[in-house]
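Secondary and tertiary structure notes
Each chain is listed here by its residues.
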Amino acid sequence: MERTLIADAFKAKGKVLLKGWVHDSRDLSKVKFLVLKDRTGRIQVTGVSGKTPEKVFNLMDKINKESAVLIEGSVQDSPKAPGGKEILPDKIEILAEADVNLPIDVSDFSKTELPKRIDYRFLDLHREKAQAIFKIQSTLLQAYRKFMTEEGAIEAIFPSIISSSSEGGTELYPLKYFEKSAYLSQSCQLYKQMLACSMEKVFAVFTVWRAEKHNTIRHLNESRQFDFEMCFADDKIVMDVLAKCVQFIVKEVMEIRKNELELLGVQLKIPKVKYMTFKETNDLLKKNKIVTNEHDLTGEGEKKLNELFPNTIVFVHDWPMAGKPFYIMPKDAKVDAILSNGFDAIYNGMEISSGGQRVHIPELLEKRLKVKGLNPKDFKSYIDSFRFGAPPHAGWGVGVERLTMVLLGLPNIREAVLFPRDRERLTP
Ligand code: ATP
Ligand code: MG
């Protein structure tokens, strides 16, 4: 007999063969219940003394929770069972027994703390709620690809080993590369720019490594980004692409992951969009008694924006040059401009993306690097790539785990990554 998934067993008639894990069992002496789960749901298995084969009946309450089993039996209507169906078992076979003492609580009401759950992530994923987060994240990834493909963008793969910093600053992981020194990539910035200047519209799902010694609820040392870059474009154009992209992703999640959202108690709505300059934003925050920073938003400021504009992607543009990396275009392409064509996108109280128009003029780029205390010689091939018909271009990056966290209202970004890499954690 072929395996039937639990979701299909609810529609089946007669005999079925199910495979899954024992979620729970109860012994009421004459009747025994076992809840079987697989990736599609849960179903009640009911044993009746005198009716169920004796060996099967005896086994029903003796299987350790979370053991993998095979169950053959017939589907029967049962108004009292969840979903209105139950399985009357003829055969139960233990495929892989779980230890009787589980290191973490995987019940629906688990109170095991996050670090311990991550220590045992493989077991944590026996929980429906943990699975729901990663099913939704999988939809995020697919929705991003779908949106970008419909936009006419090309998906690209970039190197993760780089010879020098791509963002400036020092937060890099060094590694040995034969006789040379190299680093793990902190973004695909320079590569996506080079590509956009020939293929026009490009995107990537790219892993980044940042050796920042922070220990916050919103930072990881290894994270994934949705990257996008296009030419013949400025910051205004790519902000619009980002707004539509996030709206599309939310729509897809709402449609495809109804059950998971319900299980997590999350009510999503397609976000609205608002545009404000950095100055307007800071003035508004000051009015609301938030301490502001001259060239960055504070966490408190980001939270306030969500209170003032709930369920809205707030684009804060005309960002001060001092708060943006060397590759962001200064206003009117003036080397000493105070403001830039850079922006941040804030959604549900947190930065989800930074982006902007890039410097495509080699001489200006050299000057901007120097202003930031970087050596243009280290960026020679990057600068040279703009000498042969590189048009104005712009783009952005969105943190995949950050977006998952923000959409689902998770209290910690580590909930949104299967195997986090942070200041303390290198395993599992
Ligand atoms: P933040 O200000 O939140 O530290 P950033 O400005 O340093 O972020 P960017 O270089 O702008 O980060 O990266 C683009 C996006 O990638 C961010 O908006 C965020 O969504 C995500 N991101 C950046 N750094 C991290 C990190 N350490 N862990 C998880 N996601 C990150
Ligand atoms: Mg940023």
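Coordinates for the structure precede this section.
These remarks concern the structure in this document.

Concerning a nonpolar patch on the surface
Nonpolar side chains collect at one region of the surface, where Ile-161, Tyr-177 and Phe-178 lie side by side and expose about 350 Å² of accessible area between them. Along the chain, Phe-178 turns up in the loop between β8 (174–177) and β9 (180–184). Exposure remark for Phe-178: the relative accessible area of 68% places this residue in the exposed category.

Section: the pattern of salt bridges
Under the defined criterion, the tally for this structure stands at 40 salt bridges. Asp-124 is the partner of Arg-127 in a salt bridge, and the nearest nitrogen-oxygen pair spans 2.7 Å. The same class applies to Arg-127 and to Asp-124, which are both buried. Residues Arg-218 and Glu-302 are paired through a salt bridge, measuring 3.0 Å at the closest nitrogen-oxygen approach. Of this pair, Arg-218 sits in the loop between β10 (201–209) and β11 (222–231) while Glu-302 sits in helix α10 (residues 299–308); the two residues are 84 residues apart in sequence, bridging distant segments of the chain. With respect to class, Arg-218 is no different from Glu-302; both count as buried. Each of Arg-117, Arg-121, Asp-124, Arg-127 and Glu-415 takes part in one network of salt bridges that share partners.

Re the side chain of Asp-227
Here Asp-227 shows up in strand β11. Taking relative accessible area as the criterion, Asp-227 reaches 3% and is therefore assigned buried. Here the side chain of Asp-227 touches Lys-192 through a polar contact of 2.7 Å, side chain to side chain. Sequence-distant contacts of Asp-227, defined by excluding residues within four places in its chain, comprise Tyr-144, Cys-188, Lys-192, Val-202, Phe-203, Ala-204, Phe-206, Trp-396 and Gly-397.

Quick notes on the site of ligand 1
Around ligand 1, the surrounding shell holds 14 residues, and the nearest of these are Arg-210, His-219, Leu-220, Glu-351 and Ser-354. Between ligand 1 and Ile-352 there is a distance of 2.9 Å, counted from an oxygen atom to a backbone nitrogen or oxygen. In this structure, an oxygen atom belonging to ligand 1 sits 3.0 Å away from a side-chain N or O atom of Arg-402. Burial of ligand 1 by the protein chains amounts to 83% of its free accessible area of 580 Å². Counting residues per element, the ones that place at least two in the shell around ligand 1 are β11, β15 (350–357) and β16 (393–399). The leading source of residues in the shell around ligand 1 is β15, at 4 residues. Here the residues of the shell around ligand 1 sort into 3 nonpolar, 7 polar and 4 charged.

Conventions and cut-offs
Residues numbered from 1 in each chain as written. Chains lettered and ligands numbered in written order. Predicted model: local features only at pLDDT ≥ 70, side-chain atom pairs only at ≥ 80, totals over all residues. Heavy atoms only, no water. Patch = residues over 30% accessible without salt bridge, like charges linked within 9 Å, V, L, I, M, F, W, Y side chains within 5 Å. Areas by Shrake-Rupley, 256 points an atom, 1.4 Å probe, with all protein chains shown as cover. Salt bridge = Lys/Arg side-chain N within 4 Å of Asp/Glu carboxyl O. Helix = DSSP H or I, 4+ residues; strand = E, 2+ residues; numbered from the N terminus. Buried < 20%, exposed > 50% of the residue type's maximum accessible area, 1.4 Å probe, protein only. Polar contact = N/O pair within 3.5 Å; in protein donor to acceptor, adjacent residues only side chain to side chain. Contact = heavy atoms within 4.5 Å. Near = heavy atom within 4 Å. Nonpolar A, V, L, I, M, F, W, Y, C, P; charged D, E, K, R; others polar.

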